[in-house]
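Structural characterization, general
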Amino acid sequence: MSASVGWGVVLDCGSSGTRAHIFHWQNGSVIDEFFPPSEADEDLLRLRPGISSFASDPAGVHEYIAPLLLQVQRWVPVEAQQATQLRAFATAGMRLHSASVQEAIWAELRTVFTASPFAFKAADAVTISGNFEGLFGWLSAREVMASAGAGFGMLDLGGASTQIAVAPTSSIILEDAYRVRRGQAEYRVYSHSYMRTGIDQAQLRAAQRLYDASPSGAAELFHPCYNTGYSKQMQVCGPGGDGCELRTFSGSGNWSECHELTTAILHPEYECLQPPCAALGVYQPAIADASIIATSTFFYIASGLGLVGASGEWRGPPSMMASAGEVYCAKPWAAIASRYAGHNCFGSAFIVSLLAAYHIPADSDKLTFGRKFGGRSVEWPLGAQMFHLAEQRCSFAREEEKQVGELTDSQGGPAAWDNCPRAEGGARTAGARAGGGPALFWADEAPAAPTTAVLSYMGGSAELMSTSGVSSGFIAAVVLLLALAAAIKRRLHSAESQAAATWAVKRRRDVYML
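Residues numbered from 1 in each chain as written. Predicted model: local features only at pLDDT ≥ 70, side-chain atom pairs only at ≥ 80, totals over all residues. Heavy atoms only, no water.

**Regarding the sheet that holds strand β12 (residues 231-236)**
- Reading across the sheet, the 3 strands line up as β11-β13-β12 and stay open at both edges, with mixed pairing between neighbours. The open sheet has two edge strands with one neighbour each: β11 (221-223) and β12. Mean inter-strand twist for the sheet, computed between neighbouring axes without regard to direction, equals 45°.
- Where β11 and strand β13 (residues 245-251) come together, 3 bridges link them in parallel fashion. Following the sheet pairing, F222 is matched in β13 by S250.
- Here helix α7 (residues 199-213) sits on the sheet in contact with β11, β12 and β13, set at roughly 80° to β12. (Pairing = 2+ DSSP bridges. Helix = DSSP H or I, 4+ residues; strand = E, 2+ residues; numbered from the N terminus. Axes fitted to C-alpha atoms, helices over the stretch in contact; angles between N-to-C directions. Contact = heavy atoms within 4.5 Å.)

**Examining the pairing of strand β5 (residues 85-90)**
- For β5, the tally of buried residues reaches 6 of 6 residues, placing the bulk of the element in the interior.
- Along β5, one buried face is formed by Q85, R87 and F89 and the opposite face, lined by L86, A88 and A90, is buried too.
- Pairing of strand β1 (residues 6-13) with β5 involves 6 bridges; the strand directions are parallel. Looking at β5, one finds that C13 is bridged to A90.
- Looking at chain direction, β5 and strand β6 (residues 125-127) are connected through 3 bridges and run parallel. (Buried < 20%, exposed > 50% of the residue type's maximum accessible area, 1.4 Å probe, protein only.)

**Description of the pattern of salt bridges**
- Summed over all chains, the structure comprises 13 salt bridges.
- Its salt-bridge partner being R19, residue E33 comes within 3.7 Å of it at the nearest N-O pair. Of this pair, E33 sits in strand β3 (residues 32-34) while R19 sits in strand β2 (residues 18-25), and the two are 14 residues apart along the sequence.
- For E33, a relative accessible area of 14% corresponds to the buried category.
- What you see here is one network of salt bridges that share partners, running through R19, E33, E42, D43, R46, R371 and E379. (Salt bridge = Lys/Arg side-chain N within 4 Å of Asp/Glu carboxyl O.)

**Remarks on helix α6 (residues 130-144)**
- Relative to the 21 Å expected for 15 residues at 1.5 Å per residue, α6 spans 21 Å between its end C-alpha atoms, a close match to the ideal helical length.
- With 15 of its 15 residues buried, α6 lies for the most part within the structure. (Expected span 1.5 Å × (residues − 1).)

**With respect to the state of the cysteines**
- Enumeration according to the criterion identifies 4 disulfides in this entry.
- For C225, the disulfide goes to C258, at an S-S distance of 2.0 Å. Linking C225 and C258, the disulfide has an S-S dihedral of approximately 110° and is accordingly described as right-handed. Pair noted here: C225 is in the loop between β11 and β12 and C258 is in helix α8 (residues 255-264), with a separation of 33 residues, a long-range link.
- Covalently, C329 is tied to C345 through a disulfide, its sulfur atoms 2.0 Å apart. Taking the sign of the S-S torsion, about 110° here, the bridge from C329 to C345 comes out right-handed. With a gap of 16 residues between them, C329 in helix α10 (residues 318-329) and C345 in helix α12 (residues 344-357) connect regions that are remote in the sequence.
- When the cysteines engaged in disulfides are numbered in sequence order, the chain pairs them as 1-4, 2-3, 5-6, 7-8. (Disulfide = S-S within 2.5 Å.)

**Concerning the nonpolar core**
- Formed by 63 residues in total, the largest nonpolar core has its most connected members in L155, F298, M321, F346, Y358 and F369.
- Top element by residues in this core is α12. It accounts for 9 residues.
- Once residues within four sequence positions are removed from consideration, M321 is found in contact with A302, L305, L307, W314, S348, I351, V352 and F369.
- Listed in part, the 33 residues of the second largest apolar core include L69, W75, L86 and L109. (Core = buried A, V, L, I, M, F, W, Y, C linked by side-chain atoms within 4.5 Å.)

**Notes on the environment of G229**
- One can find G229 in the loop between β11 and β12.
- The class for G229 is exposed, based on a relative accessible area of 71%.
- Taking the C-alpha atoms as reference points, G229 and K331, separated by 102 residues in sequence, lie 9.6 Å from one another.
- Those residues in contact with G229 that lie beyond four places of it in its chain are G251 and W333.

See below:
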């Protein structure tokens, strides 16, 4: 490839393993993922287990990650490596750990990354929030399925969490709302991540539920979600998390009972405080009419059930997966035994329960299971690369007098207010596109720690975003009002003024969320 081609590397540090994604692009062109010429070489870009397994031995990640970086070096041209930005983002496996445990692992990894031939910044090795993981996934799917937009969504099922990200046909999203701009198009996207609801953690939770319901001192524990002849050891605990032990669960292969169990761990009985709700009493806008891409473990389970080949696509309703699951769960283990087959019975019931919780009709014809579409992966690292490439191409107006209406990007075109997009960015963090560069987005609600405030407003932060259709006069008026409010704060300290400030901030948020 030409030396003018840009390269980027994103390490997906998942709960069960780490996968290197290598991307390349030319100025203004689409970002493509590079795949080695053989499946054997592609497999060398994956590691097991995940970095979260090094909680008790952080230094062990040195030896663990080095072979993966060597494989990446094989495929990124030597002359491009110094300019190739390396990023490592961890997901739910790391989110299960405390901040101190995570930081100990990241500190060791940053040492290795700094010594690599690639460009690396310490801030580019972090644990991302689940909502951003989902949003990156939506951005990936939207990029690959270029004709999709409003009424389009994606589902991602990992080992420790599951994500749903949808741009509903209605623009009304009451929680977990984000705005995404791609070219001249702008969408409102709902993104939510459910912790401990990935395929591995869900099985642990299901096992705990079976253990809790078993007679005290039961010598043998049966599991309806595993085929007869298959057994699996899992850790279960007594009341309050005490007395944890490994217990063996023997499969009984009953899909209907399994479906009851997988539905129960999604807790449809939880109170819904902001309707409509999906799993675990969590708000979700209506998405029944949206076209949905189901990737990662959603696809692998469909493939394991024989509904789709290893690299194909399957468009089918949840009811068909339920039927395939019933047939699969009834088979003895000896007839299906393989490395990943132990997940399939459980997975078929769990996915059907999850889709029902999302209010996707059992006969829906708008659900497509796939790993690659048109040869392009729809996994979230593509969206992460797009997001950060947009950040790279931004420039800031440093002079104070240019902070209203005069901000420009690196190509001399108009840019959004204040900040380039940033993973884990705060409310209304906006970014600029440069000369046809990739997408940007900002959050209506902050899923993580807010970014540095542009203006101080009654003890809170006020970030102003620039959108098409908003006049410069309006922007100037808003800034003037915010500056006036800041001045008032210096003079008013009563409880009455603080209450008024809280109301004003809420009103401002409501206006910008319309």
